Amino acid sequence: MLGLLLRRAGFSLLSLVLVTSCLFVLTRAIPDSPGRIVLGTDVTQLQLTQFEHDHGLDRPVVVQYGDWVRGLILHGNLGTSFITGRPVGPDIAATLPVTLELVVVAFVFSCALSVLAGTLSALLRDTVLDYGVRLIAVLGVSVPGFWLALVLIMALAVDRDWFPPGGVEPWSAGVSEHLDSIVLPTFCLAIFYMAVLSRMTRSSMLEVLGQDYMRTARATGIAPWRVLIYALRNALVPVVTVAGMSFGYMFGWALIIESVFNISGLSRALLTAIQQRDFVLVQGVVMVFTFIFILANLVADLTNAWLNPRIAAVRA
Amino acid sequence: MRRLTALFGGGGGLIGAILVMLIVADGLAAPWIAPYDPLAVDMTASLVEPGPNHLFGTDQAGRDVLSRVIWGGRASLEVSTLAVVIGCTGGVALGLLAGFFNGGWLEQLLMRVLDAMAAIPLLIWAIALVGILGVGPFTIAGITFGNEVKLLSLLGVLYIPTLARITYACALAESRANYVGARRLQGVGSLRIMISDVLPNCLSPVIVQATLLLAIGIIIEASVSFVGLGVQPPQPSWGNMLADARNYLFSGEWWLSVFPGAAISLSVVAFNLLGDGLRDALDPRHTAQALTA
């Protein structure tokens, strides 16, 4: 288990280095010099050279990347914005909690509900419940979340007064106000993954239930709920892998959903940074997301090793 | 009829296939079937409700929503199809090389690079990179491309690992099959065996995955256009129409948001049904994966 952990962690670190260096090179490769963006279009070549020298942009990309990594590890500094002149870390840290809350709530709900729905749908195959779950699964992957958000705002926030049409009320405004304000965004975020995961749970569960060892388990007279636990331990492996990826992907969709609901989370930070062409901030946000994505995949791998020890044995 | 149904893996697949054909035909025939010019502004007919003259109503600039939905479909299909073409070309080539020439440094190198690429959250990178590159049109060798070309190339590159991994798994298994050994004994070169014998045997799961990726591509194009980084106005796309519709949520012009969104959902349902059907028909072992993005 420890061997697997180290191996997977080492590999995740390698991916992180490859992917961040790739992003770093891309943000440095834009034809427009950041100097031209900060100082305006009518700067002289001399000013431009001076600016690039001051910010170390005239050095080779490898050196710049090394510097950036050193700053990150030693000082936790994600880079300093050319536009605002401040480190981008605090700006990201200030907007991350809202996004994180949406994603975590949506993730927990979609995992719990989809495992429940997928399992029931597999156990009660070809019943009304099964058809219902499958129908919702097809619709859930097909209806884009941001459109659902628009329709729900029209139906439930404008026509009726059930939910606020946008924004997230802080906890300080009251617990129920806060919860009301995150219902629609988290639902729109969760529905796609609920569909994907319940479909996976269902098909994986059906496959496991058809295995010989399940029949043997039932034949030995173990209580049905314990048989179900055995089945779940095996059936959930592919689901956990996809759930791990989903957690990272959800941040991407959260950007879109936040922009529909006018929530001042990371999406606003990212889209503003894009408008201002503040590449260091853009790069910082993407790095944070990529890090979360890789971390979530690692956690999924380890969860699988715990669910099914054979995986640890095979891969280590 | 039964043969046709079996070809698409059941009734759902057949319905998907028919819908996809209709959607593609609709995109191709946009210039002829759209009742109005999608860009024609008519301020005297702004925000007209759906009616006989404008089946889907008109938007704030008096442009016909039906025509814009039809042309938007064309943009959406263009982006998702070309992205899948790029992804398939790159993914199949890399996966085939890594799988067929397995056991060497080439396999290790390719697979590690692909693994690293799979560590990229697709949507965020698409948004950020288009944002970094800027949303204007760009010119290469005298040909001017719209912003959507950036989006589709990026998507294509980001699709590569998924498709490569499927091809790899198949090519790896096939490379040990007896017929490959037999071809070698006949004196056929490795590259030739790889392309003319192994490749055709590995296409089924790729086709299935490609169909499912088309569905995801439509949603991603719409989402990225929605935040203003995809297809640029005034050129219509379902995503940027919905972005405009956002300003009319409170005033009751429901047709602005309902029709483009319904068009997205219908297309995605169609490609998903077709993909699921094809999977049942072509890929019984389900090597192609359920997708998230």
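In this text the structure is predicted, and so the values were computed from the model without any measurement.

**What to know about the nonpolar core**
Thought 1: Core analysis: the largest hydrophobic core is formed by 167 residues, its most contacted members being A149(A), V285(A) and A126(B).
Thought 2: Element by element, the count of residues in this core is highest for helix α10 (residues 224-261) of chain A, at 19 residues.
Thought 3: Setting aside residues no more than four positions away along its own chain, V285(A) makes contact with I92(A), L266(A), A269(A), L270(A) and A273(A).

**Things to note about helix α9 (residues 212-219) of chain A**
Thought 1: Burial runs low along α9(A): only 0 of the 8 residues are buried.
Thought 2: Just past α9(A), the residue G221(A) takes up positive phi, approximately 85°.

**Details of the confidence of the model for chain A**
Thought 1: Averaged over all residues, the pLDDT of chain A equals 84, while 97% of them reach at least 70.
Thought 2: Here helix α13 (residues 309-315) of chain A is the element of chain A with the lowest mean pLDDT, 64, and helix α5 (residues 88-123) of chain A is the one with the highest, 90.

**Examining the interface of chain B and chain A**
Thought 1: Contacts between the two partners involve 36 residues from chain B and, on the opposite side, 43 residues from chain A.
Thought 2: With 10 residues, the top contributor of residues to the side of chain B that touches chain A is helix α6 (residues 122-133) of chain B.
Thought 3: Looking at the side of chain B that touches chain A residue by residue, the class counts come to 27 nonpolar, 7 polar and 2 charged.

**Observations concerning the packing of helix α8 (residues 178-185) of chain B against helix α9 (residues 190-226) of chain B**
Residues and elements named next belong to chain B.
Thought 1: In the contact formed by α8 and α9, the axes pass within 11 Å of each other and the chain directions differ by 140°. The handedness of the crossing between α8 and α9 is right-handed. Each of Y179, V180, R183 and R184 in α8 lies in contact with α9, whose residues at this interface are I193, D197 and V198.
Thought 2: Classifying every residue of the contact of α8 with α9 gives 4 nonpolar, no polar and 3 charged.

**A word on the environment of I124(B)**
Residues and elements named next belong to chain B.
Thought 1: For I124, the position within the fold is in helix α6.
Thought 2: The exposure class assigned to I124 is buried, which follows from the 25 C-beta atoms found within 10 Å.
Thought 3: Along the primary structure I124 and E148 are separated by 24 residues, whereas in three dimensions their C-alpha atoms are 16 Å apart.

**Considerations on the packing of α6(B) against α9(B)**
Residue and element names in this part refer to chain B.
Thought 1: Where α6 contacts α9, the axes come no closer than 11 Å and their chain directions differ by 40°. When the interaxial angle is binned, α6 and α9 end up oblique. The handedness of the crossing between α6 and α9 is right-handed. In this structure, α6 contributes L123, A126, I127 and V130 to the contact, and α9 contributes I220, S223 and V224.
Thought 2: Partitioned by chemical class, the residues of the contact of α6 with α9 number 6 nonpolar, 1 polar and no charged.

What counts and what doesn't
The residue count restarts for each chain, going from 1 along the sequence in the order it is written. All chains are assigned letters beginning at A, and all ligands numbers beginning at 1, according to the order in which they are written. With the structure being a predicted model, the display of local features is reserved for residues of pLDDT at least 70 and the display and counting of side-chain atom pairs for 80 or more, all residues being used for whole-chain, interface and lining totals. The nonpolar core is taken to be a set of buried Ala, Val, Leu, Ile, Met, Phe, Trp, Tyr and Cys residues joined by way of C-beta atoms within 7 Å. Burial in this document is a count-based property: other C-beta atoms within 10 Å of a residue's C-beta are tallied, and the residue is buried at 20 or more, exposed at 12 or fewer, or partly exposed in between, with C-beta positions derived from the backbone. Strands are runs of DSSP state E lasting at least two residues, helices are runs of H or I lasting at least four, and both sets are numbered from the N terminus onward. Here, residue contact means that the backbone-derived C-beta atoms of the two residues sit within 7 Å. As a per-residue quantity, pLDDT reports the predictor's confidence and falls between 0 and 100. Gly is put with the polar residues, along with every residue not named as nonpolar or charged; the nonpolar set is Ala, Val, Leu, Ile, Met, Phe, Trp, Tyr, Cys and Pro, and the charged set is Asp, Glu, Lys and Arg. Lines fitted to the C-alpha atoms define the axes, with helices restricted to the stretch that makes contact. Angles between their N-to-C directions range from 0 to 180 degrees. Each crossing gets its hand from how the near helix is turned against the far one by less than a right angle, where anticlockwise is left-handed and clockwise is right-handed. In this scheme, roughly parallel covers angles under 35 degrees and roughly antiparallel covers those over 145, while 65 to 115 is roughly perpendicular and the rest are oblique.

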